[in-house]
Amino acid sequence: MLNVPSQSFPGPSSQQRVASGGRSKVPLKQGRSLMDWIRLTKSGKDLTGLKGRLIEVTEEELKKHNKKDDCWICIRGFVYNVSPYMEYHPGGEDELMRAAGSDGTDLFDQVHRWVNYESMLKECLVGRMAMKPAFPKDYHEEKKVLNGMLPQSQVTDTLAKEGPSSPSYDWFQTDSLVTIVIYTKQKDINLDSVIVDHRDDSFRAETVIKDYSYLVHVALSHEIQEDFSVLVVENVGKIEIVLKKKENTSWKCLGHPQENHNSFIPKKDTGLFYRKCQLVSKEDVTHDTKLFCLMLPPSTHLEVPVGQHVYLRLPITGTEIVKPYTPVCDSLFSEFKEPVLPNNIYIYFLIKIYPAGFFTPELDQLQIGDYVSVSNPEGNFIISQLQELEDLFLLAAGTGFTPMVKVLNYALTNIPSLRKVKLMFFNKTEDDIIWRSQLEKLAFKDKRFEVEFVLSAPTSEWSGKQGYISPALLSEFLKRRSDTSKVLICLCGPTPFTEQGMKMLHDLNFSKDEIHSFTA
Ligand code: FAD
Ligand code: NAP
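Let me sum up the structure you'll find in this document. Just so it is clear, the model here is predicted, and its values are computed rather than measured.

In this section: the site of ligand 1. Close to ligand 1 lie 19 residues; P324, Y325, L350, F359 and T360 are nearest. In this structure, K352 approaches ligand 1 through a main-chain N or O atom, which is 2.9 Å from an oxygen atom. Note that an oxygen atom of ligand 1 is positioned 3.2 Å from one of the side-chain N or O atoms of T402. For ligand 1, whose unbound accessible area comes to 970 Å², protein coverage reaches 59%. Residue assignment for the shell around ligand 1 shows that the elements contributing at least two residues are strand 20 (319-325), strand 22 (346-352) and helix 7 (360-365). The residue inventory of the shell around ligand 1, partitioned by class, reads 10 nonpolar, seven polar and two charged.

On to helix 9 (residues 436-445). The complete set of buried residues in helix 9 reads Q438, L439, L442 and A443. Considered in projection along helix 9, the buried side chains sweep an arc of 135° and stay on one side of the axis. Away from its buried face, by an angle of more than 90 degrees, helix 9 presents the exposed residues K441, F444 and K445. On its buried side, helix 9 packs onto helix 8 (402-414), strand 25 (420-427) and strand 26 (449-455).

A few words now on the environment of G104. In this structure, G104 sits in the loop between strand 5 (102-103) and helix 4 (105-112). Taking relative accessible area as the criterion, G104 reaches 3% and is therefore assigned buried. For G104 and W72, which are 32 residues apart along the polypeptide, the C-alpha to C-alpha distance reads 9.7 Å. Those residues in contact with G104, other than ones at most four positions away along the chain, are I73, C74 and A99.

This paragraph deals with the sheet that holds strand 8 (residues 177-183). The sheet built from four strands is open, its strands ordered 7-8-13-12 with antiparallel pairing. Every interior strand has two partners, whereas the edge strands, strand 7 (168-173) and strand 12 (224-233), have only one. Mean inter-strand twist for the sheet, computed between neighbouring axes without regard to direction, equals 20°. Here strand 12 pairs with strand 13 (residues 238-245) via seven bridges, running antiparallel. In the sheet register, I224 faces strand 13, and the bridge partner there is K245.

This part covers the environment of A99. Mapped onto the fold, A99 is located in the loop between helix 3 (93-97) and strand 5. Beyond its immediate sequence surroundings of up to four residues, A99 is in contact with W72, I73, G104 and L107.

On to the pattern of salt bridges. Counted under the stated rule, the structure contains 28 salt bridges. Between K465 and E452 there is a salt bridge, and its shortest N-O distance comes to 2.7 Å. Of this pair, K465 sits in strand 27 (residues 465-466) while E452 sits in strand 26, placing them 13 residues apart in sequence. Look at K465 and you get partly exposed, because its relative accessible area is 24%.

Definitions and limits used
Residues numbered from 1 in each chain as written. Chains lettered and ligands numbered in written order. Predicted model: local features only at pLDDT ≥ 70, side-chain atom pairs only at ≥ 80, totals over all residues. Heavy atoms only, no water. Near = heavy atom within 4 Å. Polar contact = N/O pair within 3.5 Å; in protein donor to acceptor, adjacent residues only side chain to side chain. Areas by Shrake-Rupley, 256 points an atom, 1.4 Å probe, with all protein chains shown as cover. Helix = DSSP H or I, 4+ residues; strand = E, 2+ residues; numbered from the N terminus. Nonpolar A, V, L, I, M, F, W, Y, C, P; charged D, E, K, R; others polar. Buried < 20%, exposed > 50% of the residue type's maximum accessible area, 1.4 Å probe, protein only. Arc of directions from axis to C-beta. Contact = heavy atoms within 4.5 Å. Pairing = 2+ DSSP bridges. Axes fitted to C-alpha atoms, helices over the stretch in contact; angles between N-to-C directions. Salt bridge = Lys/Arg side-chain N within 4 Å of Asp/Glu carboxyl O.

This is how it looks when you write it as structure tokens:
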């Protein structure tokens, strides 16, 4: 979270006011401080005009963008649209304009060497300079010397006709490591954008970019150790997977291509990939709902994005049966942290066991140490829906609470603009309420959070709300702060509950963009 200083910014002796070399600074207009710039860059506003897409920029193209309101500058091979930054630039607009439409690396180095421009201008990144068709003669030599690299494989891009531009990959090695680099050509790439599975000699890295999937799938030419690391350089959309060699020998090639290697296809056209996970614990949460903890196999990197679900697969009477489930945190108090190595290896599920159901009784029969297959994540919840949010309303019925867990946790931890999160939780009886005491504790601890329970079949002692989802309940509950405040309402429960809820919300004049319903 941003630590907003209480004093005026920049501080009186801050480097934002006085450059080390005594370079004169131009007085910035009100609301144009570095902190204002950082706020703007975190606001989710499209600062490049390219909607998050990264492009390859030719020299001819760069030259065209040489005006104040359309100013691109290249620094160390990366091109930035600095027009939105003009008024925030401590050195003034004229200084920035000296590099308009050209390579400003030298100018930049003269004045700003210490500035972390990659992070400051991260949201202004337009893309990379396109390689000239003919490399300088010593291009490969130079790369080898610079990186200590041994032979690399170049791949041909499978260009998608529509959608994001096709990623590519490359690899290099040192004596002990092999690094696979995936160039996604997109911003908004996180650790949960890539899923890596290594079994025997098969190595599979699937990168999800919007609705597309890019796959690196090879039979490795040599053995590697069990643990590997995955790093993401968000601002340039680069993913690095660092493998440890078992023996310090030089690899002549990365390996042999396997099915769909180097393909970039719509996600809907790819099959679901499963890995076998081990049941490590199972805990009663209510009389019929349990918290299952599954452990990913070694050599796996998989983080399920907020609001997404996976499929669990079990052989039942000789047939593989698949049902969707939404991973949760182990409790409402497990804070959202940047995952650190070793990779997160546990996935938690809150699952209601239906005695007359098909799948859940089988799941309930599993013993600790047994296996269940878990798919790659799916779902259409986009985390940016939470950006700049002021009021978040969650309407959950029964296990429809499960997608709310991570949404709630993420919003409270990561959205500085958040004013209120209100959960209305519909159940039959008090005994059916999942994590009731945790919810009450959270409401006590964090004043932004409120919870209201509504029961459809309460006992006579129940003094809270009762009944079903209704326009009266909703209009009283969904109070927005002002007509312009940014609001999101998430809904999940039995299909008729969700459908009726959607209709009621439309009738209450909430727009489509303000509603997200979780469905299969
Ligand atoms: P089913 O066989 O589907 O039966 C469920 C109940 O319906 C039983 O009581 C059964 O007797 C009754 N029933 C079945 N067929 C009929 C019929 N024809 N007429 C009348 N009654 C019938 N559930 C969770 O617990 N946790 C989650 O995190 C979770 N996430 C989900 C995410 C998504 C995207 C979706 C779509 C669903 C999710 N679910 C979740 C629900 C889950 O996928 C299963 O539907 C649920 O576990 C029931 O599976 P089952 O095979 O045991 O029961
Ligand atoms: P449940 O206990 O049967 O129902 C929870 C509450 O909702 C009860 O008060 C129930 O009232 C009420 N309700 C049921 N049907 C309703 C309707 N048509 N209109 C208004 N209220 C209704 O719920 P559950 O067994 O836990 O089932 C949860 C559902 O959520 C499942 O269908 C599951 O598939 C779905 N789910 C979806 C996702 C997703 O991401 N899409 C994730 C998790 C769960 P009464 O029973 O007293 O009538």
